[in-house]
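# Topology and contacts: notes
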Amino acid sequence: MARPPLEIGTYGEIKVTELPNGKHEAHARFRMSDGSVKQVRRRGKTKTAATNALKKAMVRLADEVKGEEISPDTRFNHVADLYLAELRDQAELGEISHNSVRLYTGALKNWTRPMLGELQMRELTGTRCDKVVNNARTKNSYATAKTVKAALAGVCAYGLRHGALSTNPMGAVRRMSSGPGEEVVALTAEQREDMYAKLKAYGEVRQTDSKGRSLGERGRVWLDLPDIMDAMLATGNRIGELLALEGASVDPQAPTVLLDHHIVRITGRGLVRQRRRKSKGRDLLLAVPQWSVPMWRRRKLASGGGPLFQSFTGGWLDPSNVINALKQAFEATGYGWVTSHVWRKTVASVLDEAGLPTTAIADQLGNTPAVVEKHYRAARVANQAAATALEIMRRPDQEDE
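An account of the accompanying structure is given in this report. (Residues numbered from 1 in each chain as written. Predicted model: local features only at pLDDT ≥ 70, side-chain atom pairs only at ≥ 80, totals over all residues. Heavy atoms only, no water.)

### A look at helix α3 (residues 98-116)
Every α-helix carries 3.6 residues per turn, so stepping three or four residues along brings you back to the same face. Keep this limit in mind: The angle between axes fitted to the seven residues ending at a residue and the seven residues starting there is what we call the bend at that residue. Comment: elements are numbered from the N terminus, with helices defined as DSSP H or I runs of at least four residues and strands as E runs of at least two. A 1.4 Å probe rolled over the protein chains alone gives each residue an accessible area, and that area as a share of the maximum for its type sets the label: buried under 20%, exposed over 50%, partly exposed in between. For this analysis, a polar contact is any N or O atom pair within 3.5 Å, provided that within protein one partner can donate a hydrogen and the other can accept it, and provided that sequence-adjacent residues contribute only side-chain to side-chain pairs.
At Lys109, α3 shows its largest kink, close to 40°. For α3, the complete set of buried residues consists of His98, Val101, Ala107, Leu108, Trp111, Thr112 and Leu116. With a side-chain oxygen lying 2.9 Å from the backbone nitrogen of Asn99, the N-terminal cap of α3 falls on Ser97.

Shown next, in the form of structure tokens:
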């Protein structure tokens with residue numbers, strides 16, 4: 001007869017082994033809250049000391065499983081679980097984005113837990129936290145390291161608030177710099193026209209699979225790419241906000257588009273149209289250019305009041321799937337260097353070239369002027385008036401007659 005599994009939060013028979021150095025090691029299996037079983041080991045000078053140390057550790061683990069108050073002896077993994085649970089509650093209340101919860105969960109799982117997960121909170125130091133962040137920066141990117149740092153700081157702050165830490169070790173983590181700003185890459189007028197035509201042709205090609213069979217409604221997303229491009233260039237909004245538009249969001253008579261939602265994927269719930277724009281940005285009611293009005297009108301009528309850009313089942317499109325489709329289309333049409341964000345930067349560049357102030361560009365994109373200056377405006381001559389004034393400093397050399 002098979003041995004019955006341990007109850008959640010309990011441990012099995014304690015066994016003690018004498019080590020070559022004369023010390024003793026006590027070990028036993030413990031059933032964690034997720035149902036997994038882990039071997040817990042503790043050492044001591046005597047058999048009794050090792051056993052008592054193991055029992056003490058088992059009590060702490062049992063407290064974690066039961067949800068008791070955390071302490072400096074609580075493992076990092078458990079505090080991270082509690083912190084993420086708090087974030088999920090905040091997301092349900094609309095205080096933060098579900099996307100933030102997803103990003104922090106991934107950062108902790110992939111970068112932080114492997115290095116700190118089994119440590120007790122008292123064992124967290126600035127050096128250990130710094131190594132985690134630096135590891136993410138070295139092996140991946142500045143953006144990843146920035147997310148890892150924010151997630152780790154959140155866990156430490158949670159531990160500080162609940163008595164598991166007396167000081168925050170994140171204060172000793174080195175500040176990061178993204179280095180020189182990336183060049184603002186935008187599409188020229190000729191490239192925009194060429195891309196539109198090629199996306200339209202590519203959409204037709206993708207209506208059949210590799211065996212020549214019609215995809216039917218499943219091929220709709222490829223036909224929608226030119227309209228998605230026009231919608232992005234007419235507004236400068238993000239993919240997740242564009243795909244959250246519904247029939248009521250568009251007024252072709254004004255003509256305006258209201259950006260007040262975004263699409264996110266929530267674990268266990270699937271795609272959700274979440275109130276407010278990304279990062280809780282304020283609602284944007286944007287006037288759109290006349291060249292885009294026929295597209296907006298056509299899609300509004302076809303939507304039936306539902307999603308403006310629909311999946312083949314008539315529901316919301318997944319932003320990740322659309323981004324992947326765009327990536328394939330860009331590669332196939334000779335624009336592999338382009339991302340959907342380049343469209344957003346193209347809008348900013350066109351407005352900049354038209355002489356609009358940073359504040360106007362920020363209003364269009366729904367960003368702050370500081371963000372626009374850093375990420376969306378190309379380098380430009382900033383001192384033309386000053387250069388003109390400096391002409392009096394020296395007289396130009398006279399050519400020999």
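Okay, back to it.
### Description of the sheet that holds strand β1 (residues 15-18)
Put simply, the rule reads: Pairing between strands is defined by DSSP: at least two bridges between the two strands are required. Each axis is a line fitted through C-alpha atoms, taken for helices only over the stretch in contact, and angles between the N-to-C directions span 0 to 180 degrees.
Taking strand neighbours across the sheet as the criterion, the three strands line up as β1-β2-β3 in an open arrangement whose pairing is antiparallel. If you trace the sheet from one side to the other, it starts and ends with β1 and β3 (37-44), each paired once. Looking at each pair of strands side by side, their axes are set apart by 25° on average, direction ignored. Here β1 pairs with strand β2 (residues 24-31) via four bridges, running antiparallel. When the sheet's bridge partners are listed, Glu18 is paired in β2 with His24.

### Structural notes on the sheet that holds strand β5 (residues 256-259)
Strand order in this open sheet of three strands is β4-β5-β8, and the pairing throughout is antiparallel. Two strands close off the open sheet at either side, each with one partner strand: β4 (250-251) and β8 (284-287). With four bridges joining them, β5 and β8 adopt antiparallel strand pairing. Across the sheet, the residue bridging to Leu259 is Leu284, located in β8.

### Quick word on helix α2 (residues 76-92)
Put simply, the rule is: Multiplying one less than the number of residues by 1.5 Å gives the expected span of a helix.
Compared with an ideal rise of 1.5 Å per residue, which puts 17 residues at 24 Å, α2 spans 24 Å between its outermost C-alpha atoms and is within 8% of the ideal. All buried positions along α2 are accounted for by Phe76, Asn77, His78, Val79, Ala80, Tyr83, Leu84, Leu87 and Ala91.

### Points about the side chain of Thr235
What counts is decided by this rule: The criterion used for residue contact is that any of the two residues' heavy atoms lie within 4.5 Å.
Tracing the backbone through its elements, the reader meets Thr235 in helix α7 (residues 220-235). A polar side-chain atom of Thr235 sits 2.8 Å from the main-chain carbonyl oxygen of Ala231. The residues touching Thr235, leaving out its near neighbours within four places in the chain, are Leu286, Val288, Trp296 and Gln364.

### Considerations on the packing of aromatic side chains
Put simply, the rule is: Pairing of aromatic side chains here covers Phe, Tyr and the six-membered ring of Trp, requires ring centres within 6.5 Å, and sorts the geometry by plane angle: under 30 degrees stacked, over 60 edge-to-face, intermediate tilted.
Within the structure shown, the criterion is met by three aromatic pairs. Arranged with centres 5.8 Å apart and planes meeting at 85°, the rings of Tyr202 and Trp222 form a pair that is edge-to-face. Taken together, the positions of Tyr202 in helix α6 (residues 189-205) and Trp222 in helix α7 put the pair 20 residues apart, joining distant regions of the chain. Here Tyr202 and Trp222 have matching classes, each one buried. On the numbers, 6.2 Å between centres and 50° between planes, the contact of Tyr335 with Trp337 is tilted. A relative accessible area of 7% means that Tyr335 is categorised as buried. Judged by its relative accessible area of 41%, Trp337 is partly exposed.

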